[in-house]
Amino acid sequence: MKTNRVNLLIIALGLLLFIFSSCAFKTINRSKDVEYLPTGTTGTEAQKLNIFSPEKNTVLKDVLIFIHGGNWNSGKPSIYNFFGARLARKGVVAVIIEYPLSPKATYKEMAFATAAAVTWVKQHIAQYGGNPEKIFISGHSAGGHLAALVSLDNSYFDSLATGNPIKGSILIDAAGLTMYDYLHAENFEQGHTYLNTFTNDPVEWKKASPVNFVHRGMPPMLIYQGGKTYASIKEANEKFVQAVQQVAPGTPYYILKGKKHVPMILQFFWSWNPHYKTIIDFMNNN
C-alpha cells in the first residue's frame with residue numbers, strides 16, 4: 001500500500017511538472033499546408049510549409065525556419081510539428097518546411113526550394129506575427145546540410161533575384177557538410193541514393209559542400225553535434241567547425257555527450273530542454 005502511495009505521488013508530481021513547465025498549454029496559432037512553391041517549379045509537385053506562432057503578438061517575433069532530415073530522400077515536415085509548436089509557446093514564430101526529395105530532385109533543387117521558402121517567409125511572415133528582419137534557419141541531418149548550404153552559398157538567393165535574409169543558422173547534427181570528402185572516400189556504385197542526390201560529378205560534390213563556402217561576414221552559426229553520432233558526421237562537423245572558426249572565432253559548438261543522431265532532434269520534444277534557451281538567446285543576440 002505504501003509503495004502505491006509513493007508511486008501515485010511521483011505521478012502527481014510529474015503531471016504538475018509537465019503542466020507548469022515551459023507554458024506547455026499556451027494556445028498558439030497553426031497554419032498548415034501553406035504553399036510556397038507552385039507545382040513544376042522544381043520539376044515536382046507544389047511545396048508547402050507549416051507555420052506556428054504565439055496566439056497573442058503585441059510585437060513581431062523572431063522567426064525560425066526548420067528543415068527536416070531523412071537522407072535527402074525521405075521525411076516530411078509534419079513529423080516535426082512538435083518542434084514548431086514548442087517554439088511558438090516560447091515566443092518564436094516557427095516555420096517547418098518541406099522540400100523535393102531524391103530521386104525526383106537533386107541537392108540543387110532541394111537547396112533552391114529551401115531558398116524559395118526563406119524568400120516566401122521574408123515576404124509574408126509579418127502576416128503571421130513574424131519579424132521579416134529576424135529570420136533564422138535550422139535543420140537536422142540532411143536538413144542541416146541544406147540550412148548550411150543556403151546560408152553560405154548566396155547563388156540560390158541570386159537565382160531568385162533576392163538578397164540572403166538569413167540572420168543566423170542553427171545546425172543540429174548536420175550531415176553532408178564536407179560532401180566532397182565523404183563521397184570521394186566512399187566511392188559508391190552508380191545508382192546509390194547519394195549519387196542520385198549529388199550526381200556522379202566530383203565538381204558537383206564540391207558545390208554541394210557547405211565547407212567550401214565558409215567566408216567572412218557569413219551569417220553567425222550555432223552548431224550542435226551528437227557525442228555518439230555517426231562517424232562521418234563527427235568528422236565532417238569537426239572539419240566544418242575548424243573552417244568556421246578561422247573566419248568567425250568563438251562560434252558556439254556544442255558536442256552533446258551520449259547523444260546519438262536521431263535523439264539529437266527528438267530531445268526537443270521535451271519543452272524544458274535547456275537548448276531551447278540557448279537557441280532563443282542566440283536569436284535574440286543576432
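Residues numbered from 1 in each chain as written. Predicted model: local features only at pLDDT ≥ 70, side-chain atom pairs only at ≥ 80, totals over all residues. Heavy atoms only, no water.

A separate point is the layout of surface pockets. When its volume is computed, the largest pocket comes out at roughly 530 Å³. Lining the largest pocket we find 28 residues, and of these Ala175, Tyr194, Tyr230, Ser232 and Ile233 sit closest to its centre. By residue class, the composition of the lining of the largest pocket is 14 nonpolar, 10 polar and 4 charged. (1 Å grid on protein atoms, 1.4 Å probe; cavity = no way out; pocket = protein on both sides within 12 Å on 5 of 7 lines; lining within 4 Å. Points joined across faces, edges and corners; volume = space filled by probe spheres on them. Nonpolar A, V, L, I, M, F, W, Y, C, P; charged D, E, K, R; others polar.)

Another aspect to go through is the pairing of strand E3 (residues 61-67). Two faces belong to every sheet, and in a regular strand the side chains alternate between them. Among the 7 residues of E3, 6 are classified as buried, and the element is accordingly described as predominantly covered. Across 6 bridges, E3 lies against strand E5 (residues 130-140) in parallel orientation. Paired with lysine 61 across the bridge in E5 is glycine 130. Bridge count between E3 and strand E4 (residues 93-97): 5 bridges; the pairing is parallel. From the neighbouring strand, leucine 64 faces E4, where its bridge partner is alanine 94. With helix H2 (residues 81-89) bridging E3 and its parallel neighbour E4, the resulting β-α-β unit is right-handed. (Buried < 20%, exposed > 50% of the residue type's maximum accessible area, 1.4 Å probe, protein only. Helix = DSSP H or I, 4+ residues; strand = E, 2+ residues; numbered from the N terminus. Pairing = 2+ DSSP bridges. Right-handed = clockwise from strand over helix to strand, strands pointing away.)

With that settled, consider a nonpolar patch on the surface. Taken together, the side chains of Phe269, Trp270 and Trp272 present a nonpolar region at the surface, about 340 Å² in accessible area. What makes phenylalanine 269 partly exposed here is its relative accessible area of 41%. (Patch = residues over 30% accessible without salt bridge, like charges linked within 9 Å, V, L, I, M, F, W, Y side chains within 5 Å. Areas by Shrake-Rupley, 256 points an atom, 1.4 Å probe, with all protein chains shown as cover. Salt bridge = Lys/Arg side-chain N within 4 Å of Asp/Glu carboxyl O.)

Once that is clear, we can look at the packing of helix H3 (residues 107-124) against helix H4 (residues 142-152). Closest axis-to-axis distance for the H3/H4 pair is 9 Å, and the angle between their directions is 70 degrees. Taken as axis vectors, H3 and H4 run roughly perpendicular relative to one another. Of the residues in H4, those touching H3 at Tyr107, Met110, Ala111, Thr114 and Ala115 are Leu146, Leu149 and Val150. In terms of residue class, the contact of H3 with H4 is built from 7 nonpolar, 1 polar and no charged. (Axes fitted to C-alpha atoms, helices over the stretch in contact; angles between N-to-C directions. Parallel < 35°, antiparallel > 145°, perpendicular 65-115°, else oblique. Contact = heavy atoms within 4.5 Å.)

Let's shift gears to the pattern of salt bridges. Within the structure shown, the criterion is met by 7 salt bridges. Among the ionic pairs, glutamate 133 bridges to lysine 122, the shortest N-O distance being 3.0 Å. A residue pair is termed long-range when its members are at least 10 positions apart, and glutamate 133 in strand E5 and lysine 122 in helix H3 qualify at 11 residues. Here lysine 122 falls in the partly exposed class, since its relative accessible area comes to 30%. Across the salt bridge formed by lysine 239 and aspartate 181, the nearest N and O atoms sit 3.3 Å from each other. Here lysine 239, found in helix H9 (residues 231-247), pairs with aspartate 181, found in helix H6 (residues 179-186); they are 58 residues apart in sequence, far enough to count as distant. One salt-bridge network, held together by shared partners, links Lys108, Glu204 and Lys207.

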